[in-house]
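Residues per chain, in single letters:
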Amino acid sequence: MKVSLNWLREFLDLNKTPQEIADILTSLGLEVEGWETVKPSPVDLHKVVTGLVTVCERIPDTDHLSATQVDVGDPDYPSGRSVVCGAPNVAVGQKVLVALPGAQVFSKDGTLFQIAERKVRGVASQGMICAEDELGLGHDHAGIMVLPPDTPLGVTAAAYFQQDADTVIEVGLTPNRADATNHLGVARDLAAYLQVHEGVASPLQLPESSALPASGNAYPATVADPEACPRYSGILLDNLRVQESPDWLKNRLLALGQRPINNVVDVTNLVRLEMGQPLHAFDAAEIGGGKIIVQTLPAGTPFVTLDGVERKLFAEDLMICDGNGAPMCIGGVFGGATSGVKDSTTSIFLESAFFHPRWIRRSMLRHGLRTDAAWTFEKGVDPNGCQKALARAVFLLQQLAGARTASAVVDIYPRPVEPVRIAIRYDKVNALIGEDLPAERIRTILSALGIGMSDVTPEGLTAVIPTNKPDVLRPADVVEEILRVHGLDNVPLPTHLRSSIEITPKPDPDKVRNFAADFLAAQGFNEAMSLSLSNSAWYTGPNAIYPVPQEELVYVHNTANQGLDCLRPTLVFSGLEAIRNNQNRQQPDLRLFEFGKVYRRAADGFAETARLAVFLTGTHSPESWQPAAKKTVDFFTLKAVVQNLLARLGVAGFQETTVEEAPFQYAMRYHRGGQELVTFGAIQPALVKKMDVKNAVFCADFHVDNLIKALAGNKVQYRELSRFPAVRRDLALVLDRSVPFGDIRQTAQKTVKKILREVNLFDVFEDESKLGAGKKSYAVSFTFEDPDKTLQDKDIDALMRQLQEAFETKLNARLRI
């Protein structure tokens, strides 16, 4: 939420710097995320002053330049400044605006240039008499700005137009602070702080408002559902002149990120920002039947909103309808295309209502319309503030649009909301805060916050909560109000700190993740961090590129971005998006990894699984003159990373299986029985193409929870270096093409358990004319080492015979001769 410091100072004598105010607001629970200086014009109006033209003579041999003397009230220039002016309307006796040397003004092409003393046609020019477009105050360049005759001399343009620079503070408003959605609410908090901490008890300077008519005929209105609309009020105004808002109003809205529209709409936005009460103005000529009806309409009813989009209404949408039942506005959310204020509007019905937050929130989410009014209603507005806001708006419209009240106020309020009464005890307050506050200080804080008190006793009191604080409902909420004004930083630390011993799980999941991340980073990988939200269109529907049963997806209502409407069931798309974004920024060679969770809906609830995804794409090595640097990554590059990571973690004794499943074109899975450890392979080319990724992508998807389980039984063991030499023997085996090397390794390890140190595949040969149909040849090396003795040839020969028999029996292999 944006807060104008200049606006706050209109309510409160606030002689503090932006940093000091930011610190106070943050301590009050209105966390300041930053602030910026906003100027109404890029031109520094403090270097532009008012002046009187005392001399104006045409410069010879020119058709438009005049030599003038301008009195700017500067004693250093008793006869005035000499200024050369090219405007056709400059004349003696005019009050004008003069940009002094050093000021920057706009040129004809819209760029800023600096005024300097110089000579023009031999005449000294010590400034510039300005047109409104040159000062950024308008678009007229027909001539210089001529001010009223009674304008004082030497006044800066900033002071004359009341357009000092403003400081706009960005506040991260929490959902429980409905009372602070507006400038008056923030000013009340600041006033409470100053009263409690600095003894400044000056009352707020409330904005002017008009007295609303107490008698006469009210505009006809009915409310069909008082639960959805507990209060509905409004008034008919005529004699309106819809026109551009004055500069002060436009600048105030622009500083807060609001687009000025016209004086009527701008007043409604101003009152919302000032008092926290959204208003809506209906063109009275467009209200059929001369009546307002607040009701719901049948589902599917078409309604064209202000943005020109036809929307199908839901049966639960609260609508503001005319006397004929035609919809004019989604109550509290968005107006209609035809009922709003236009340049031709002369009469309006001005609405000030209290809509139930639940109804507003649901309509807002259903239609994806997060408007400023809906945001305010969603948090909750003061039901007893509707007429105050209405009176303020009527006053402004009378001043700025010539409005005239044409009816009494209609006010439908069948069950007035009363202040909540909460009994509190001082000892309970102090127990929650952790400090013994005197009863007098507690009462002072409550009074400063505008919270009433009754039934005051030495032990406690009853707090009477104003209706602009709808979230203060329990004693703990009252304590929170007291504490945020007293100051959390003022609560002393206890003299005794109590702690409990926590048993760290073994292995520690955080340490395992950090260990794996350090290893991958050392291998040249960069860690990616992405949102847990994803697009359901990738997983369901006719254009799904990674089909997931719809009933397994976990959907979320995301009005900020409707394209991210479910929690991700896989990390693959997060990685592909990161690769695409990097490739679009000329980074084609990537090694990425990401720790994250994936989500599925299960029969017994929801499944939330920790995963580690590793991605490879592009070249194998950085660019170099060596031929090897031009090699691209492949399946075996990824396999080496996977095996090295598992070895580094100490995970061994797993089986490997070839799998064919989305999103992989081909893949291998390492597992322990039914527990998956990792699945890795090449992402399907069609999927890569649809994600607009240019190169082949290889991905490894680790099941982190199963990895941690696999480490649970690991023990650190030390073994001295063998004093005896290792022996290597090779075999060339002819096998069926369907037999993977992993089967050879597993068979060998089961056959020779104690002294077989390594099994390695160093050559693959395929030739049906020499090996037979469906056959291939593996050249495999076996390394043996006995820690207790030197192996003899007869020992090795016996081991090799055992291996050969095992391969022939279990794998149907034969030796290649």
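Look up a bit, the structure's there.
Here the structure is a predicted model, which means the values were calculated and not measured.

Caption draft 1: Spatial organisation of the sheet that holds strand β26 (residues 452-454). Read across the sheet, three strands follow the order β25-β27-β26 without closing on themselves; strand pairing throughout is antiparallel. Lying at the two open borders of the sheet, with one neighbouring strand each, are β25 (420-425) and β26. For this sheet, the mean angle separating the axes of adjacent strands, direction not counted, is 35°. Strand direction decides the pairing type here: β25 and strand β27 (residues 460-465), joined by six bridges, are antiparallel. Paired with A423 across the bridge in β27 is T462. Across the sheet, helix α11 (residues 439-448) is in contact with β25, β26 and β27; its angle to β26 comes to roughly 135°. Strand contacts of helix α12 (residues 475-486): β25 and β27, with the helix running at about 75° to β25, the strand carrying the most contacts.

Caption draft 2: Main features of helix α10 (residues 426-433). Turning to α10, its buried residues number three or more, namely Y426, V429, N430 and I433. Buried residues in α10, looked at end-on, bunch into an arc of 95°, giving them a common side. Away from the buried face of α10 by more than 90 degrees, exposed residues K428, A431 and L432 are located. Packing partners of the buried residues in α10 comprise β25, α11, β27 and α12. At the exit of α10 stands G434, carrying a positive phi of roughly 90°.

Caption draft 3: Quick peek at the nonpolar core. With 82 residues, the main nonpolar core has I348, L350, L397, V478 and I482 as its most contacted residues. No other element matches helix α9 (residues 386-401), which puts 10 residues into this core. Non-local contacts of L350, meaning those with residues more than four positions away in its chain, are made with S233, G234, I235, L237, T268, L279, H280, A281, L390, A393 and L397. One finds A353, F355, V381 and V410 within the second-largest nonpolar core, a separate group that totals 38 residues.

Caption draft 4: How the structure looks around helix α4 (residues 183-198). Its 16 residues place the ends of α4 21 Å apart at the C-alpha level, agreeing with the 22 Å of an ideal helix rising 1.5 Å per residue. Residues H183, L184, G185, V186, A187, D189, L190, A191, A192, Y193, L194 and V196 constitute the buried set of α4. Against the buried residues of α4 lie β1 (2-4), α1 (5-11), α2 (18-27), α6 (263-275), α11 and α12. Near the N-terminus of α4, the side chain that reaches the backbone nitrogen of L184, with its oxygen 3.3 Å away, is that of N182. Backbone geometry just downstream of α4 places G199 in the positive-phi region, at approximately 70°.

Caption draft 5: The arrangement of the side chain of T747 in detail. In this fold, T747 is placed in helix α18 (residues 741-751). For T747, the side chain forms a polar contact with the main-chain oxygen of D743, separated by 2.7 Å.

Caption draft 6: Layout of the sheet that holds strand β20 (residues 327-330). Sheet architecture is open: five strands sit in the order β13-β16-β19-β20-β21, paired in mixed fashion. The outermost strands of the open sheet, each flanked by one partner alone, are β13 (221-223) and β21 (334-335). Pairing of strand β16 (residues 292-296) with strand β19 (residues 318-322) involves five bridges; the strand directions are antiparallel. Looking at β19, one finds that V294 is bridged to I320.

Caption draft 7: Main features of the pattern of salt bridges. For the coordinates displayed, the defined rule picks out 40 salt bridges. With its nearest N and O atoms 2.9 Å apart, the salt bridge here joins K16 to E198. Here the residue K16 occupies a position in the loop between α1 and α2, and E198 occupies one in helix α4, the gap between them amounting to 182 residues. Taking the relative accessible area as the measure of exposure, K16 reaches 18% and is therefore buried. One salt-bridge network, in which partners are shared between bridges, spans R177, D179, D189, K469, E481 and R484.

Caption draft 8: A look at the packing of aromatic side chains. Per the stated rule, a full pass over the model turns up 15 aromatic pairs. Residues Y546 and F573 carry aromatic rings whose centres are separated by 6.0 Å and whose planes lie at 40° to one another, so their mutual orientation is tilted. Placement of the pair is Y546 in the loop between β29 (533-534) and β30 (554-555) and F573 in helix α14 (residues 572-583), with a sequence separation of 27 residues. The exposure classification of Y546 matches that of F573, with both residues buried. The interplanar angle of 85° and the centroid separation of 5.3 Å between the aromatic rings of F635 and F636 together place this pair among those described as edge-to-face. Judged by relative accessible area, which is 58%, F636 ranks as exposed. Taken together, the ring pairs connect F635, F636, F654, Y666, Y670 and F680 into an aromatic cluster. Positioned over the ring face of Y77 is R81, at 4.1 Å from the centre of the ring.

Caption draft 9: Broad picture of the pairing of strand β35 (residues 664-672). Where strand β34 (residues 655-659) and β35 come together, five bridges link them in antiparallel fashion. Bridging from a neighbouring strand, T658 pairs with M668 of β35. Between β34 and β35, which pair antiparallel in sequence order, lie four residues. Alignment of β35 against strand β36 (residues 675-683), held across eight bridges, turns out to be antiparallel. Considered in β36, the bridge of R672 is made with Q675. Hairpin connection of β35 to β36: two residues between the antiparallel strands, including G673 at a positive phi of 65°.

Caption draft 10: Molecular detail of the packing of α11 against α12. At a closest axis distance of 10 Å, the pairing of α11 and α12 adopts a crossing angle of 95°. One element, α11, and the other, α12, form an angle in the roughly perpendicular class. Here R441, I442, I445 and L446 of α11 lie close against α12, whose contacting residues are V478, E481, I482, V485 and H486. When the residues that make up the contact of α11 with α12 are grouped by side-chain class, the tally is six nonpolar, one polar and two charged.

Caption draft 11: Region of the structure containing the environment of E170. Summarising the element assignment, E170 is placed in strand β12 (residues 166-172). Taking the relative accessible area as the measure of exposure, E170 reaches 26% and is therefore partly exposed. Separated by 136 residues in sequence, E170 and G34 have C-alpha atoms that sit 5.4 Å apart. What E170 contacts, discounting residues up to four positions off in sequence, is M1, K2, E31, V32, E33 and G34.

Caption draft 12: Examining unusual backbone geometry more closely. That bond from K506 to P507 is cis: its omega, 0°, falls within 30 degrees of zero. Tracing the backbone shows P507 in the loop between α12 and α13 (509-522). Following A662, the chain continues to P663 via a peptide bond in cis, the omega torsion being 5°. Mapped onto the elements of the fold, P663 is located in the loop between β34 and β35.

Caption draft 13: Fine view of the environment of F113. Mapped onto the elements of the fold, F113 is located in strand β8 (residues 112-114). For the pair F113 and I433, spaced 320 residues apart in sequence, the C-alpha to C-alpha distance is 58 Å. Ignoring sequence-local partners within four residues, the contact set of F113 consists of A103, Q104, V105, F106, S107 and M128.

Caption draft 14: Focus on the side chain of S347. As for its placement among the helices and strands, S347 is situated in the loop between β21 and β22 (348-354). For S347, a relative accessible area of 18% gives the class buried. Polar side-chain contacts of S347 include one of 3.1 Å to the backbone oxygen of L237. If we ignore the near neighbours within four places in the chain, the residues touching S347 are L236, L237, D238, L240, F282, D283, A284 and A285.

Caption draft 15: Broad picture of the packing of α10 against α11. Viewed as axis vectors pointing N to C, α10 and α11 meet at an angle of 85°, and their least axial separation amounts to 11 Å. As judged from the angle between their axes, α10 and α11 are roughly perpendicular. Taken together, the residues of α11 that come into contact with α10 (itself represented by Y426, V429 and N430) are A439, I442 and R443. In terms of residue class, the contact of α10 with α11 is built from four nonpolar, one polar and one charged.

Cut-off values and rules
Residues numbered from 1 in each chain as written. Predicted model: local features only at pLDDT ≥ 70, side-chain atom pairs only at ≥ 80, totals over all residues. Heavy atoms only, no water. Pairing = 2+ DSSP bridges. Helix = DSSP H or I, 4+ residues; strand = E, 2+ residues; numbered from the N terminus. Axes fitted to C-alpha atoms, helices over the stretch in contact; angles between N-to-C directions. Contact = heavy atoms within 4.5 Å. Buried < 20%, exposed > 50% of the residue type's maximum accessible area, 1.4 Å probe, protein only. Arc of directions from axis to C-beta. Core = buried A, V, L, I, M, F, W, Y, C linked by side-chain atoms within 4.5 Å. Expected span 1.5 Å × (residues − 1). Polar contact = N/O pair within 3.5 Å; in protein donor to acceptor, adjacent residues only side chain to side chain. Salt bridge = Lys/Arg side-chain N within 4 Å of Asp/Glu carboxyl O. Phe/Tyr/Trp six-rings, centres within 6.5 Å; stacked < 30°, edge-to-face > 60°. Lys NZ or Arg CZ within 6 Å of the ring centre and 35° of its normal. Parallel < 35°, antiparallel > 145°, perpendicular 65-115°, else oblique. Nonpolar A, V, L, I, M, F, W, Y, C, P; charged D, E, K, R; others polar.

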